[in-house]
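# Descriptive structure summary
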Amino acid sequence: MKVNGEIIHLHSEISLADFVAQQGYRKERIAVELNGEIIPKSAYDDTMVTEADTMEIVHFVGGG
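Residues numbered from 1 in each chain as written. Predicted model: local features only at pLDDT ≥ 70, side-chain atom pairs only at ≥ 80, totals over all residues. Heavy atoms only, no water.

### Brief notes about the pairing of strand E7 (residues 54–59)
In this structure, strand E1 (residues 2–3) lies alongside E7, joined through two bridges in parallel fashion. The residue bridging Val3 from the neighbouring strand is Met55, located in E7. Two elements, strand E4 (residues 30–34) and E7, share five bridges in a ladder whose sense is antiparallel. Counterpart to Val32 in the pairing with E7 is Ile57. (Pairing = 2+ DSSP bridges. Helix = DSSP H or I, 4+ residues; strand = E, 2+ residues; numbered from the N terminus.)

Right, dumping it as structure tokens:
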């Protein structure tokens, strides 16, 4: 799959929630676009991602 322009190989289909956790993201601090569609956080557990997908992850950073 392609994530933020980089190729990431998946061994099998995985839920979006598990994928972002494995990548070190905190669910509450990101927004995910999967194949051109913004995925609501409430759907992360039920949304499956595969090698064929393209994803953009925006990580929010606090500070001032």
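There is more to say, and it comes next.
### As for the pairing of E4
Alternating residues of E4 divide into Ile30, Val32 and Leu34, all buried, and Ala31 and Glu33, none buried. Examined bridge by bridge, E4 and strand E5 (residues 37–39) share three bridges and lie antiparallel to one another. Looking at E5, one finds that Leu34 is bridged to Glu37. Counting the residues between successive antiparallel strands, the hairpin from E4 to E5 contains two residues, one of them, Asn35, with a positive phi of roughly 55 degrees. (Buried < 20%, exposed > 50% of the residue type's maximum accessible area, 1.4 Å probe, protein only.)

### Structural notes on the sheet that holds E1
Strand order in the open sheet made by the five strands is E2-E1-E7-E4-E5, with mixed pairing throughout. Among the strands making up the open sheet, the edge pair consists of strand E2 (6–7) and E5. Where E1 meets E2, two bridges bridge the pair, whose relative direction is antiparallel. By the bridge assignment, Lys2 is partnered in E2 with Ile7.

### So, the nonpolar core
Burial of nonpolar side chains together is a common tendency in soluble globular proteins. Within the largest apolar cluster, 16 residues are counted, with the highest numbers of intra-cluster contacts made by Leu16, Phe19, Val32, Val49, Met55 and Ile57. Contributions of two or more residues to this core are made by helix H1 (16–22), E4 and E7. Of the residues forming this core, the biggest block, four residues, is contributed by H1. (Core = buried A, V, L, I, M, F, W, Y, C linked by side-chain atoms within 4.5 Å.)

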